[in-house]
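Observations on chain architecture
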Amino acid sequence: MAGHQVIVGSRSLDRAVEAAKMIAQTAGRPVRVSGLTNENAVSQADVVVLTVPFTALLETLKTVKPSFKPGQVLVNVSVPLETAVGGRATRTVGVWAGSAGELAASVVPKMVSVVTAFNNVSAELLKDPSKRVDCDVLVCSNDDNAKRIVLDLVKSIEGAHGFDAGALENSRTVEQITALLVSLNIRYKVKNAGLRITGISHAS
Ligand SMILES: NC(=O)c1ccc[n+]([C@@H]2O[C@H](COP(=O)([O-])OP(=O)(O)OC[C@H]3O[C@@H](n4cnc5c(N)ncnc54)[C@H](OP(=O)(O)O)[C@@H]3O)[C@@H](O)[C@H]2O)c1
C-alpha cells in the first residue's frame, strides 16, 4: 500500500501466486505484488521477512540459504510459541540460541544482517487495509544500518511506530511479549491486542 515492491514466498509457486493475487484484490488499488518460490523470492529481495511457524524456521532458512546475497536484511517475525509443538499460544518454548531471532542469525550466511521486528503486530490488522495498525514495533539487531532500513519500513505502516530496541539479544524479551498479547486476546476475546511505548517522543 506504501508503494514498495512485495514478493510473497512459498514452498509452492501456485500458493505464492494465489496469495499475491489475494493481496492485490484486498488492496483495492494497483499494488506491486507477485508470488515466487521461497528460494526465488529470497534471491530477488533486498529485505527478506520470515513468517513461518517456529518449527519450520530452521528448515525454511536452510532451504533458502544458497539464495541469500551480500547486504541483505533478514527480518525474523517468527515467535517460538508453544503451539508450534502442540502446546499453548500463551507460552513460548525455550530456544537454545536464546530466541528465534538469534537462532535465525546462527544459520544464515554472515553477509546477511538479521533484525527482529513485527513480532508483536497482529496479522489481523496487517491483512485488512481498512484497519489501522494500532501497535508499535520493537526493532532489534546488532547492525545499526539494518535496523535503520527496517525502522524506515515501519514508517510505511500507518499507525505503527518503530522503536530501536537494541541488540538482537533483546529479541528474547520481544518474543515473550507476543505470548502475553495472545493471552490478552483470549482473555478479552479480541484478535489484535497490541503494544504502545510511551514516554519517548522521538520514535523512528
Ligand atoms: N499471525 C499473527 O498474528 C502473528 C503475529 C506476530 C508473529 N507471528 C509469528 O509469525 C509466524 C507465522 O505466523 P502465521 O500465523 O502467519 O503462521 P501460519 O499461517 O501457520 O504459517 C505461515 C506460512 O508458513 C509456511 N509454513 C507452514 N508450515 C510450514 C512448514 N512446516 N515448513 C515450511 N513452511 C511452513 C506456510 O507457507 P507455504 O505453505 O505457502 O510455504 C504458511 O502459509 C509464527 O512464528 C508466529 O508466531 C504471527
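See the structure above.
All values reported here derive from a predicted model rather than from experimental measurement.

What follows deals with the packing of helix 3 (residues 57-64) against helix 4 (residues 100-107). Close contact between helix 3 and helix 4 brings their axes to 10 Å; oriented N to C, the two are set at 30°. By the criterion of interaxial angle, the relationship of helix 3 to helix 4 is roughly parallel. Relative to helix 4, the crossing made by helix 3 is right-handed. In contact with Leu57, Leu58 and Leu61 of helix 3, helix 4 contributes Ala100, Leu103, Ala104 and Val107.

Next up on the list: the site of the ligand. Around the ligand, the surrounding shell holds 18 residues, and the nearest of these are Ser10, Arg11, Arg15, Val52 and Ala123. Ser10 places a side-chain nitrogen or oxygen 2.5 Å from an oxygen atom of the ligand. Taking Val52, its main chain carries an N or O atom lying 2.9 Å from an oxygen atom of the ligand. Per-class residue counts for the shell around the ligand are 10 nonpolar, 6 polar and 2 charged. Both of domain 1 (1-45) and domain 2 (46-188) provide at least three residues apiece to the shell around the ligand.

Mapping Val108 onto the fold places it in the loop between helix 4 and strand 5 (113-116). With 42 residues separating them in the primary sequence, Val108 and Pro66 have C-alpha atoms 9.2 Å apart. Among residues more than four places away in sequence, those in contact with Val108 are Leu61, Lys65, Phe68, Leu74 and Val114.

For the rest of this paragraph, the subject is the sheet that holds strand 7 (residues 162-164). In space, the 5 strands of this open sheet follow the order 3-4-5-6-7, with mixed pairing throughout. In this open sheet, the two strands that pair with only one neighbour each are strand 3 (47-50) and strand 7. The average angle at which neighbouring strand axes cross in this sheet is 30°, direction not considered. As judged from the 4 bridges shared by strand 3 and strand 4 (residues 73-76), these two strands associate in the parallel manner. Residue pairing in the sheet places Val48 in a bridge with Leu74 of strand 4. Across the sheet, helix 7 (residues 171-188) is in contact with strand 4, strand 5 and strand 6 (137-141); its angle to strand 6 comes to roughly 150°.

Once that is clear, we can look at the pattern of salt bridges. Overall, the coordinates contain 9 salt bridges when judged by the stated rule. Glu82 is the salt-bridge partner of Arg91, the closest N and O atoms lying 3.5 Å from each other. One salt bridge in this structure joins Glu102 and Arg172, with 2.8 Å as the shortest N-O distance. Of the two residues, Glu102 is situated in helix 4 and Arg172 in helix 7; the sequence distance between them amounts to 70 residues. A relative accessible area of 37% means that Arg172 is categorised as partly exposed.

Summarising the element assignment, Ser10 is placed in strand 1 (residues 6-10). Apart from the residues within four sequence positions on either side, Ser10 is in contact with Arg15, Ala16, Leu36, Thr37 and Asn38.

Our focus in this paragraph is the nonpolar core. Ranked by internal contacts, the top residues of the largest apolar core, which has 26 residues, are Ala117, Phe118, Val137 and Val150. For this core, the secondary-structure elements that each account for two or more residues are strand 4, strand 6, helix 6 (144-155) and helix 7. In this structure Val150 touches Val73, Val75, Val115, Ala117, Phe118 and Val139, once residues within four positions along its chain are discounted. By size, the runner-up hydrophobic cluster in this structure holds 19 residues, among which are Val42, Leu74, Val95 and Val112.

Cut-offs applied
- Residues numbered from 1 in each chain as written.
- Predicted model: local features only at pLDDT ≥ 70, side-chain atom pairs only at ≥ 80, totals over all residues.
- Heavy atoms only, no water.
- Axes fitted to C-alpha atoms, helices over the stretch in contact; angles between N-to-C directions.
- Helix = DSSP H or I, 4+ residues; strand = E, 2+ residues; numbered from the N terminus.
- Parallel < 35°, antiparallel > 145°, perpendicular 65-115°, else oblique.
- Left-handed = near helix turned anticlockwise from the far one by under 90°.
- Contact = heavy atoms within 4.5 Å.
- Near = heavy atom within 4 Å.
- Polar contact = N/O pair within 3.5 Å; in protein donor to acceptor, adjacent residues only side chain to side chain.
- Nonpolar A, V, L, I, M, F, W, Y, C, P; charged D, E, K, R; others polar.
- Domains from an automatic or database assignment.
- Pairing = 2+ DSSP bridges.
- Salt bridge = Lys/Arg side-chain N within 4 Å of Asp/Glu carboxyl O.
- Buried < 20%, exposed > 50% of the residue type's maximum accessible area, 1.4 Å probe, protein only.
- Core = buried A, V, L, I, M, F, W, Y, C linked by side-chain atoms within 4.5 Å.

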